[in-house]
Amino acid sequence: MKYLIFLLLFTASLTGWAQQSLSKPQKGEVIYHVCQRSFYDSNGDTQGDLNGLRQKLDYLQELGVTSILLMPLYDADCYHNYFANDFEKIDAEFGTMADYIKLVKDVHRRGMKIYLDMETQYVTSKHRWWKEAVGNLKSPYSDYILFDDAAHQQPTTMIFNLRELISYDGTVIPITTVNLRNPDVLTYNVGLFSYFLDPNKDGNFDDGADGFRLDHAMDNLDEKPALTNLFATFWKPLVTRLKQVNPAMTIVAEQANWNDVGTDYFERAGVDRMFGFGLQRAMLSFNKQQLINKADSILRLCPQGKDQLIFLENHDIDRFASLEKDGRKQRVAAALQLLIGGIPAIYYGQEIGMQGRNGSFGNTDGNDIPRRQAFDWYKSGEGPGMAVWYKNTGQWWAQSTLKPNDGISVAEQLASPTSLLSYYKKLIALKQSNPALATGRYENADNTNASIYGFYRTTGASRVLVLVNLSDQPQQTTLTGRSRPYKTLLGPAIGLQRARLAPYEVGVWEVR
Ligand SMILES: [Ca+2]
Ligand SMILES: [Ca+2]
Ligand SMILES: [Ca+2]
Ligand SMILES: [Ca+2]
């Protein structure tokens, strides 16, 4: 049951400019992964929404991120929206389709991108397919979902062989699995995803998402005998058809086992990006060898033309600031995530050190609310836009780590040059100002100290060295390569081959 928790877990004159900004960002991409329900509420109903997110695009641009990854938008009863009542509707609490299009166009006018999170493998009992197919063998949707019996009275189980989800508010939500082997279901998905790429179908993508995240993607979905070989029969055809709609769109798949480096997904499912789960654990381990090994397998061996999303936190993982109170270690993790390579994805609130760990509050998806709390905008924890949709609904509120006057809020950190938020801004600005840090390839930097992890980032003539002291003691080291640092970008000055770093210090230098 515990595992339920993490699963529930552009006018013609502008054409050229917009198409360029939509196809490939000039700088390194930095994604902001946001639980929009918890980000900013525009209309006072405590539910974060699309207009609220649009009102806070200035905040995101000042932070320096270039892209936004949402959680599912479609109509659902559960707060995280992973199980849809209707894939074609925007959840009313988030706003309208017009609000969505307005957000997307504003994002694109700013030269940013936006990605949608999709999980079309499951539907709820309120979905048309369920309502029309159960007990009706003549329904056109008879084979759109899977049944346990020949009379189609019993829709089959979903993930973890569960039949329902118990919502944080006590609502019981019956859920079943979609028959992804039905060619009509593939056709439906092609239409659905294509709609979100270009809603008005005019071939201009200023109104469309720049790509998708595929939640819980599997070749053999949940080991169901009816749902084998899905990379070849469902995901690859879907990705191929979507590339025909917009060749610049990208697909990131969430590997279902949270471990795989994604080779199979790249090769057989044709996806563009995977998540660097192994590197996430390594970056938080402060273990040099683990960092070398995982950076090697996840970054250096990533196939040409493919990418890895590099993250520390997401909606299914405990906040690092809850596991590690030492602000120096939070800064080391941030520097590794933003400078090591791949495409960093910052989970909203991470940049201000928001806290939150999985709860044990019984069989309910409320257990995940601590990792998806209202974004902390104000010193007092209260004010316009605070998306406290879960206020007074259970222990996730009663035991909330969202607190006033604790230094964890945008208001408290914005004005302070030494805040975590300011450090994130500095790192992103550094990354964006330097071609090697923005998009350069990764290479381990050998050095003699077991507590100092280092790497080079290189593109063309631009080459940068990053050294990180993983320990709470001062350390010095000798670089064993021939590269010589000459200009300090961050941290201490450095000798030609020798470096000294204070406890948990990060140094960044141009090298030749
Ligand atoms: Ca609202
Ligand atoms: Ca809803
Ligand atoms: Ca369009
Ligand atoms: Ca606070």
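Residues numbered from 1 in each chain as written. Chains lettered and ligands numbered in written order. Predicted model: local features only at pLDDT ≥ 70, side-chain atom pairs only at ≥ 80, totals over all residues. Heavy atoms only, no water.

In the nomenclature of an unreviewed UniProt entry, the protein chain is known as DUF3459 domain-containing protein of Fibrella aquatilis.

Asker: When you look at the coordination of the calcium ion (ligand 2) in this model, what are you seeing that I'm missing?
Answerer: Geometry sets the ideal angles at a metal, namely 109.5 degrees for four tetrahedral donors and 90 or 180 degrees for six octahedral donors. Taken together, the protein ligands of the calcium ion (ligand 2) are Ala76 (O), Asp91 (OD), Asp91 (OD) and Glu93 (OE), with distances of 2.3 to 2.8 Å. Written as a sequence motif, the donor arrangement for the calcium ion (ligand 2) is A-x14-D-x1-E. Of this pair, Ala76 sits in strand E3 (residues 74-76) while Asp91 sits in the loop between strand E4 (84-90) and helix H5 (97-109), and the two are 15 residues apart along the sequence. Take Asp91: its relative accessible area is 3%, and that puts it in the buried class. (Donors = N, O, S within 2.8 Å, 3.2 Å for Na, K, Ca; no water. Helix = DSSP H or I, 4+ residues; strand = E, 2+ residues; numbered from the N terminus. Buried < 20%, exposed > 50% of the residue type's maximum accessible area, 1.4 Å probe, protein only.)

Asker: What am I meant to see in the sheet that holds strand E5 (residues 113-118) here?
Answerer: In a beta sheet, neighbouring strands are held together by backbone hydrogen bonds and run either parallel or antiparallel to one another. Within the closed barrel, the eight strands sit side by side as E1-E2-E5-E9-E10-E11-E12-E13. Their pairing is parallel. For this sheet the average axis-to-axis angle between neighbouring strands, irrespective of direction, equals 25°. Relative to strand E11 (residues 273-275), strand E10 (residues 250-255) is paired through two bridges, and the arrangement is parallel. Among the inter-strand pairings, Val252 is bridged to a residue of E11, identified as Arg273. Together, E5 and strand E9 (211-217) form the strand contacts of helix H7 (residues 183-197), whose direction differs from that of E9 by roughly 145°. (Pairing = 2+ DSSP bridges. Axes fitted to C-alpha atoms, helices over the stretch in contact; angles between N-to-C directions. Contact = heavy atoms within 4.5 Å.)

Asker: How should I be thinking about the nonpolar core in this particular structure?
Answerer: Looking at soluble globular proteins, one finds that nonpolar side chains tend to be buried together. In terms of nonpolar packing, the biggest core is built from 143 residues, with Tyr32 and Phe39 touching the most fellow members. In terms of residue count, the dominant contributor to this core is H7 (eight residues). Taken together, domain 1 (2-430) and domain 2 (438-511) each give at least three residues to this core, which thus spans both. Apart from the residues within four sequence positions on either side, Phe39 is in contact with Tyr32, Val34, Leu53, Lys56, Tyr59, Leu60, Tyr348, Phe375, Trp377, Gly385 and Ala387. Core analysis: the second largest hydrophobic core is formed by twelve residues, Ile31, Leu69, Phe275 and Phe277 among them. (Core = buried A, V, L, I, M, F, W, Y, C linked by side-chain atoms within 4.5 Å. Domains from an automatic or database assignment.)

Asker: Even after reading the chapter, I still don't get helix H13 (residues 327-339), so can you show me in this structure?
Answerer: Side chains three or four residues apart in an α-helix point the same way, a direct result of the helix having 3.6 residues per turn. For H13, spanning 13 residues, the distance from its first C-alpha to its last is 18 Å, which sits close to the expected 18 Å at 1.5 Å a residue. Across the 13 residues that make up H13, a large majority, ten, are buried. Of the positions making up H13, those classed as buried are Lys329, Gln330, Val332, Ala333, Ala334, Ala335, Leu336, Gln337, Leu338 and Leu339. A distance of 2.8 Å separates the backbone nitrogen of Arg328 from a side-chain oxygen at the start of H13, and that oxygen is part of Asp326. Just downstream of H13 lies Gly341, where phi reads positive at about 125°. (Expected span 1.5 Å × (residues − 1). Polar contact = N/O pair within 3.5 Å; in protein donor to acceptor, adjacent residues only side chain to side chain.)

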